[in-house]
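Descriptive analysis of the structure
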Amino acid sequence: NNEKSVPKLLIRDLKFEKKSLAKLMFSPDQENHPSKAPVKYGELIVLGYNGSLPNGDRGRRKSRFALFKRPKANGVKPSTVHIACTPQAAKAISNKDQHSISYTLSRAQTVVVEYTHDSNTDMFQIGRSTESPIDFVVTDTVPGSQSNSDTQSVQSTISRFACRIICERNPPFTARIYAAGFDSSKNIFLGEKAAKWKTSDGQMDGLTTNGVLVMHPRNGFTEDSKPGVWREISVCGNVFSLRETRSAQQRGKMVENETNQLQDGSLIDLCGATLLWRTAEGLSRTPTVKHLEALRQEINAARPQCPVGFNTLAFPSMKRKDVVDEKQPWVYLNCGHVHGYHNWGNKEERDGKDRECPMCRSVGPYVPLWLGCEAGFYVDAGPPTHAFSPCGHVCSEKTTAYWSQIPLPHGTHTFHAACPFCAHQLAGEQGYIRLIFQGPLD
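This report concerns the structure included in the present document.

Conventions adopted
Residues numbered from 1 in each chain as written. Predicted model: local features only at pLDDT ≥ 70, side-chain atom pairs only at ≥ 80, totals over all residues. Heavy atoms only, no water. Helix = DSSP H or I, 4+ residues; strand = E, 2+ residues; numbered from the N terminus. Contact = heavy atoms within 4.5 Å. Pairing = 2+ DSSP bridges. Phe/Tyr/Trp six-rings, centres within 6.5 Å; stacked < 30°, edge-to-face > 60°. Buried < 20%, exposed > 50% of the residue type's maximum accessible area, 1.4 Å probe, protein only. Core = buried A, V, L, I, M, F, W, Y, C linked by side-chain atoms within 4.5 Å.

Structural notes on the environment of Arg-243
For Arg-243, the location among the structural elements is in the loop between β15 (239–240) and β16 (267–269). Between the C-alpha atoms of Arg-243 and Lys-253, which are 10 residues apart in sequence, the distance is 8.6 Å. In contact with Arg-243, not counting residues within four places along its chain, are Leu-207, Thr-208, Thr-209, Asn-210, Gly-211, Glu-232, Ala-248, Gln-250, Arg-251 and Gly-252.

Here it is in structure tokens:
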């Protein structure tokens, strides 16, 4: 009734918000039947993107992917095993309507394991390929890249059909991960060079070229989380210690007491991109983008000041997360003193990279501060008081402390801690710093 007295803009925004909420709530399959909200198994979030891909999220290529219960089950489970003596025989077995995994033992022998439909599970596939069997297309993450053109020149190490996640359609909706995905002919081929073996119960198993690594955090994904141990997952979902290098022929030792079951906060590394798995329940306890926006407004309302220019500082809106604003806060990474941008203490002999803080004279990098906008990376809903070094992404203290302890796979045999929002390798003693604001905030 009061529509006339409310400004037009507000009404339009309210309608727009309702639309957005509907989009958030329903997967494309359920949009036509909104009476029943779909079951969400969880979400995969790619590390290194602060809320969206540099050129925007499009179709199956985006920075986060939600797994919803499918209208019709599409899971598969192993059934018949064939031992074929010639590749021709193996080809005859692998018809296009039948899921199968082929293990080439030698030119003369291939073992083909047929997979049959499983009405109790849903399957989701992840990889670099844009072919239709892939639900979530993932490309190599280039630390701090601002556009996709930065990522195209790199020779990808992510497998075209990297892995598959199988979710139980009934509560508790358990999600399990397996190395390799089925291609357009519904096949997985492990060639002669791939690591493969016969298991004690006569089944076949193997590893993919660069492997699928998983780390389950201890104490879940909470403010008490601690890093777990990185493991490798086989094609059949068994758990192994890491190989000497990513593509070594020799597999690691089987870890009997661990499983391929994903838990809230599990990390999946595909050798070129790392994904964070968040369960639907875990996400319900995570701060929302609205909460982060409220924290941003709260920090700006306190009107922090630059101690040199005395001008008021403000974090730019989340939409403008890549353009340095004139009110943008900057920080000296060695001491944490927050300023506005100024040319003070820029010594030419220091290459312009290191600057001297006017407050305490400590010398170090001087960078703009950015809010961490990807809510799924936060372990708590604390205020944005700390920043990762050297990138300047700001979030809660417990979130910086957690990510700074996690060794993320890098290349084929090294690990290092990195900022979850931009994938930059962390620097300094801790990898993060407490921010010291001048004015009412401190």
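A closer look at the sheet that holds strand β21 (residues 363–368)
With antiparallel pairing, the four strands of this open sheet are ordered in space as β19-β18-β21-β20. The sheet terminates laterally at β19 (338–339) and β20 (354–356), the two strands that pair on one side only.

Quick word on the packing of aromatic side chains
According to the stated counting rule, one finds 17 aromatic pairs in the structure shown. Considering the side-chain rings of Trp-230 and Phe-415, the 6.5 Å spacing of their centres and the 45° angle between planes classify their relative orientation as tilted. With a gap of 185 residues between them, Trp-230 in the loop between β13 (212–215) and β14 (231–233) and Phe-415 in strand β26 (residues 414–416) connect regions that are remote in the sequence. Note on Phe-415: relative accessible area 36%, which makes it partly exposed. Centre to centre, the rings of Trp-330 and Tyr-366 are 5.0 Å apart; their planes meet at 35°, and the pair counts as tilted. Taken together, the positions of Trp-330 in strand β18 (residues 330–332) and Tyr-366 in strand β21 put the pair 36 residues apart, joining distant regions of the chain. Take Trp-330: its relative accessible area is 13%, and that puts it in the buried class.

A short note on the nonpolar core
Leu-44, Leu-67, Ile-126, Ile-165, Ile-177, Ile-268 and Leu-270 are the most contacted members of the largest nonpolar core, which totals 46 residues. Apart from residues lying up to four places away in sequence, Ile-165 is in contact with Leu-44, Leu-67, Asp-122, Met-123, Phe-124, Ile-126, Ala-175, Arg-176, Ile-177, Leu-262 and Ile-268. The next biggest cluster of nonpolar side chains, apart from the first, holds 30 residues, and it includes Leu-47, Leu-292, Cys-391 and Phe-421.

Functional significance is not addressed by these values, which are geometric in nature.
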